[in-house]
Amino acid sequence: MSWDCGFKYIFAFSPTLKAGVMCKLQERDDVGRIELVQKLSRENCHILQTDKKEPEKSEHQDDEVTMVQVKEQDRNVLVLKKVPSCGPAPTAAGSASAESDWRYVVVSGTPEKILEHLLNDLHLEEVQDKETETLLDDFLLTYTVFMTTDDLCQALLRHYSAKKYQGREDNSDVPCRKRKVLHLVSQWIALYKDWLREDEHSKMFLKTIYRNVLDDVYEYPILEKELKEFQKILGMHRRHTVDECSPQGKNKALFHQFSLKENWLQHRGTVAETEEIFCHVYITEHSYVSVKAKVSSTVQEILKVVAEKLQRAEDDLALVVVTFSGEKHELQPNGLAKSLEASGRMYVYRKDLTDTLNPFAENEESQQRSMRILGMNTWDLALELMNFDWSLFNSIHEQELIYFTFGRQGSGEHTVNLSLLLQRCNEVQLWVATEILLCSQLGKRVQLVKKFIKIAAHCKAQRNLNSFFAIVMGLNTASVSRLSQTWEKIPGKFKKLFSELESLTDPSLNHKAYRDAFKKMKPPKIPFMPLLLKDVTFIHEGNKTFLDNLVNFEKLHMIADTVRTLRHCRTSQFGGDMSPKEHQELKSYVNHLYVIDSQQALFELSHRLEPRA
């Protein structure tokens, strides 16, 4: 192994050792900062000063970046960069006081060496320094890009069970290393929560490492704190003490009794049942009602929602799946919602007196629709939009953005919540255009446009930028913006307000207006998710994931830093769920939007309202 950053000092193993190790360092205060070098210097190492001449001072010397390359068998396995430290870092006794102002961050490396460096960098104080905490978070957020969960589990078990470090025995290091591994595992569980329950490798890993801790706690009593924390994380109630884990107190029944059949690992079944999906129930060929329903919802439950939306008796309607080949199948009331849309489109049909199923005629339903939205309070309507969007946004796991960006195999099932919020943004945009274009009376259409402008302003005030963008884009849809007679009758103050709202959606200078405004908003807040995904995708496509067969960790840090936007937005919880009984109708309206999803159909309605001159 060799380190190559250098100009001035060389560390080399004694020639009596088989594996030669060399480290070149540029500056004197580098000595002692790198943990590996510290250990080498205590083990048969000597310093060879190769250049006694002091380097010439220059104006740009402070700006130069010191790079450290760790090599194994003449191949780079880890590249580090020296950077100023943001906070106090744990240093070895005797190191220079100025040294705490600098740290080494990972630039690139093999997965194994990045993990090893991370474990070396961890310290066992109550609060990690900022750089170490960021490194740990970057690694846990992005490890799926360069290694499988099984690979990570096996690597952690090797580090936990290793008896030697750098080829030598050091009893004082063993419990310290075990505690570091357990700290990393605790952070992993806290970050991933339900996700780890879905992976068989992680469940087996947790069983194995838990039993290892039970084995080790007698020999290393200092692990008892980590054991209790581990039990707490896994939802266990019984506490093991050092006496119980002693050789005299152990027996096989203990391991059978605690075979990790805990709530934490068994809870996944109930979580799956509570997952939500959007069912699109088509009324006509181009219009549908969006129904947010649980995976376990039945056909009858969905039909009830659609009947209320259409203001028709549930017994007069039926749900029918029209397959891609044109076949029609009536759905049984006790069927599950999850399997409905896989085989084709779901329609609602009318039953006549002879129980024959008839589809709704195009525009028949829209002509019967009352303009209920005009009687709704705009602030309350925006608040219900916020409630709905927040429930979706708050369910998104940070890891979903990683899967979405890198398109990992099977990523569809790992981006469900993110896909729902993106779909909702598109539906709100279509909903705005649908409501306006289904209004045949000019006066009421003007009122509708004014109402949507006010709702957009309220969404901005409530820090719901996802619906804010969707409504503004809906008003700017070509089929709506061409309605010159309608826009001419909009009062000047509403036109001015809309112009101000539009300026926030201006894409110039990389959406600077939006970014500046959003940065000033305090959490809780909902970002415009398509733009956040664009940022992550831009980083991904503009930087290689691997450089010279090493993981480009600087790229992954940038991606993780962008993904952490979700965490910042959710540091406070939204407390606006003010849906008393009188607002249930409003909530039902917002939760199940009626939209036309065909741009051609929207343009036809637009030209019918205001024919081209």
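Residues numbered from 1 in each chain as written. Predicted model: local features only at pLDDT ≥ 70, side-chain atom pairs only at ≥ 80, totals over all residues. Heavy atoms only, no water.

## Points about the overall build of the protein
For step 1, the next point in the chain: When its secondary structure is counted, the protein shows 27 helices and 18 strands.
For step 2, the next point in the chain: Put simply, the protein has 613 residues, and 50% of those count as buried.
For step 3, the next point in the chain: Across the protein, the fraction of contacts at a sequence separation of at least 24, relative to all contacts at a separation of at least 6, is 70%.
For step 4, the next point in the chain: Entry remark: accessible area of the protein is about 30,300 Å², with carbon and sulfur atoms responsible for 50%. (Helix = DSSP H or I, 4+ residues; strand = E, 2+ residues; numbered from the N terminus. Buried < 20%, exposed > 50% of the residue type's maximum accessible area, 1.4 Å probe, protein only. Contact = heavy atoms within 4.5 Å. Areas by Shrake-Rupley, 256 points an atom, 1.4 Å probe, with all protein chains shown as cover.)

## Quick look at the environment of Thr149
For step 1, the next point in the chain: Within the secondary structure, Thr149 is located in helix 4 (residues 149-161).
For step 2, the next point in the chain: A relative accessible area of 14% places Thr149 in the buried class.
For step 3, the next point in the chain: As a C-alpha pair, Thr149 and Leu196 span 47 residues in sequence and 9.3 Å in three-dimensional space.
For step 4, the next point in the chain: The contact partners of Thr149, leaving out residues within four places of it in the chain, are Tyr143, Trp188, Asp199 and Ser202.

## Notes on the packing of helix 4 against helix 7 (residues 200-216)
Packed helices, taken two at a time, are described by the angle their axes make and the gap between the axes.
For step 1, the next point in the chain: Interaxial distance between helix 4 and helix 7 falls to 9 Å at its minimum, and their mutual angle equals 10°. Relative to helix 7, helix 4 is oriented roughly parallel. Mapping the contact onto sequence places Thr149, Asp150, Cys153, Leu156, Leu157, Tyr160 and Ser161 in helix 4 and His201, Ser202, Phe205, Thr208, Ile209, Asn212, Val213 and Asp216 in helix 7.
For step 2, the next point in the chain: Considering only residue class, the contact of helix 4 with helix 7 consists of seven nonpolar, six polar and two charged. (Axes fitted to C-alpha atoms, helices over the stretch in contact; angles between N-to-C directions. Parallel < 35°, antiparallel > 145°, perpendicular 65-115°, else oblique. Nonpolar A, V, L, I, M, F, W, Y, C, P; charged D, E, K, R; others polar.)

## Some details on the pairing of strand 7 (residues 102-109)
For step 1, the next point in the chain: With six of its eight residues buried, strand 7 lies for the most part within the structure.
For step 2, the next point in the chain: In this sheet, strand 7 lies alongside strand 6 (residues 75-84) in antiparallel orientation, the contact comprising seven bridges. Within strand 7, the residue paired with Val79 across the bridge is Ser108.
For step 3, the next point in the chain: Sheet topology note: the strand 7/strand 17 (residues 550-552) ladder contains two bridges and is antiparallel. Paired with Gly109 across the two strands is Val551, which belongs to strand 17. (Pairing = 2+ DSSP bridges.)

## So, unusual backbone geometry
For step 1, the next point in the chain: Between Pro523 and Pro524 the backbone carries a cis peptide bond, its omega angle lying at 5°.
For step 2, the next point in the chain: You can see Pro524 is positioned in the loop between helix 22 (508-520) and helix 23 (529-542).
For step 3, the next point in the chain: Its identity is not glycine, yet Asp74 carries a phi of approximately 60°, on the positive side.
For step 4, the next point in the chain: One can find Asp74 in the loop between strand 5 (67-72) and strand 6.

## A few points about the pattern of salt bridges
For step 1, the next point in the chain: This model, assessed by the stated rule, comprises 19 salt bridges.
For step 2, the next point in the chain: Glu226 is the salt-bridge partner of Arg179, the closest N and O atoms lying 3.0 Å from each other. You can see Arg179 sitting in helix 5 (residues 173-192) and its partner Glu226 sitting in helix 8 (residues 224-233), a full 47 residues away along the chain. Comparing Arg179 with Glu226, the two get one shared label, buried.
For step 3, the next point in the chain: A salt bridge links Lys203 to Glu200; the nearest nitrogen and oxygen atoms lie 3.3 Å apart. On the criterion of helical spacing, the pair formed by Lys203 and Glu200 is a turn pair, its members being three residues apart in helix 7.
For step 4, the next point in the chain: Looking at Glu200, the relative accessible area reads 52%, which means it is exposed.
For step 5, the next point in the chain: Each of the salt bridges in this network shares a partner with another, and the network as a whole consists of Asp137, Asp138, Glu398, Asp561, Arg564 and Arg567. (Salt bridge = Lys/Arg side-chain N within 4 Å of Asp/Glu carboxyl O.)

## As for the environment of Thr565
For step 1, the next point in the chain: Residue placement: Thr565 occurs in helix 25 (residues 565-569).
For step 2, the next point in the chain: Taking relative accessible area as the criterion, Thr565 reaches 23% and is therefore assigned partly exposed.
For step 3, the next point in the chain: On a C-alpha basis, the gap between Thr565 and Glu398 in space is 9.1 Å, while along the polypeptide they are 167 residues apart.

## Observations concerning helix 14 (residues 378-393)
For step 1, the next point in the chain: Along its 16 residues, helix 14 runs 22 Å from first to last C-alpha, staying within 8% of the 22 Å computed at 1.5 Å per residue.
For step 2, the next point in the chain: Most of helix 14 is tucked away: 14 of the 16 residues are buried.
For step 3, the next point in the chain: The opening residue of helix 14, the one whose side-chain oxygen lies 3.0 Å from the backbone nitrogen of Trp379, is Asn377. (Expected span 1.5 Å × (residues − 1). Polar contact = N/O pair within 3.5 Å; in protein donor to acceptor, adjacent residues only side chain to side chain.)

## Quick notes on the nonpolar core
For step 1, the next point in the chain: The biggest cluster of nonpolar side chains holds 156 residues, and the ones touching the most others in it are Phe139, Trp188, Leu401, Trp431, Phe452, Ile471 and Leu475.
For step 2, the next point in the chain: When residues in this core are grouped by element, the largest group, 11 residues, is from helix 16 (residues 416-437).
For step 3, the next point in the chain: Ignoring any residue separated from it by four or fewer positions in sequence, one finds Trp188 in contact with Leu140, Tyr143, Thr149, Leu152, Cys153, Leu156, Leu196 and Phe205. (Core = buried A, V, L, I, M, F, W, Y, C linked by side-chain atoms within 4.5 Å.)

## Things to note about the confidence of the model for the protein
For step 1, the next point in the chain: Mean pLDDT over the protein works out to 79, with 72% of the residues at or above the 70 mark.
For step 2, the next point in the chain: Within the protein, the lowest mean pLDDT, 36, falls on helix 9 (residues 252-257), and the highest, 98, falls on helix 18 (residues 465-475).
For step 3, the next point in the chain: Note on residues 364-368: pLDDT is under 50 here. Beyond four places in sequence and across chains, it has nine contacts. (pLDDT = per-residue confidence, 0-100.)

## Regarding the packing of aromatic side chains
For step 1, the next point in the chain: Inspection of every chain in the model, using the stated rule, returns 19 aromatic pairs.
For step 2, the next point in the chain: Ring plane angle 40° and centroid distance 5.7 Å describe the contact between Tyr282 and Tyr347, whose orientation is recorded as tilted. One end of the pair, Tyr282, is in strand 10 (residues 276-282); the other, Tyr347, is in strand 14 (residues 344-351), with 65 residues separating them in the sequence.
For step 3, the next point in the chain: Take Tyr282: its relative accessible area is 7%, and that puts it in the buried class.
For step 4, the next point in the chain: Exposure remark for Tyr347: the relative accessible area of 9% places this residue in the buried category.
For step 5, the next point in the chain: Note on Trp390 and Phe574: the rings are 6.3 Å apart at their centroids and 55° apart in plane angle, and the pair reads as tilted. Separated by 184 residues along the polypeptide, Trp390 in helix 14 and Phe574 in the loop between helix 25 and helix 26 (584-591) bring together distant segments of the chain. (Phe/Tyr/Trp six-rings, centres within 6.5 Å; stacked < 30°, edge-to-face > 60°.)

## Let's talk about the pairing of strand 12 (residues 317-323)
Regular strands place side chains that alternate from one sheet face to the opposite one.
For step 1, the next point in the chain: The buried fraction of strand 12 amounts to seven of the seven residues, a majority that puts the element mostly inside the structure.
For step 2, the next point in the chain: The two faces of strand 12 match: Leu317, Leu319, Val321 and Thr323 on one face and Ala318, Val320 and Val322 on the other face are all buried.
For step 3, the next point in the chain: Sheet analysis places strand 12 next to strand 13 (residues 328-330), joined by three bridges and oriented antiparallel. Looking at strand 13, one finds that Val320 is bridged to Glu330.
For step 4, the next point in the chain: If you look at the hairpin formed by strand 12 and strand 13, you'll find four residues sitting between the two strands, and Gly326 has a positive phi there, around 100°.

## Regarding the side chain of Lys451
For step 1, the next point in the chain: In this fold, Lys451 is placed in helix 17 (residues 442-461).
For step 2, the next point in the chain: At a separation of 3.5 Å, a polar atom in the side chain of Lys451 contacts the main-chain carbonyl oxygen of Leu374.
For step 3, the next point in the chain: A polar side-chain atom of Lys451 sits 2.7 Å from the main-chain carbonyl oxygen of Met376.
For step 4, the next point in the chain: Residues within four places of Lys451 in sequence aside, it is in contact with Ile373, Leu374, Met376 and Thr378.

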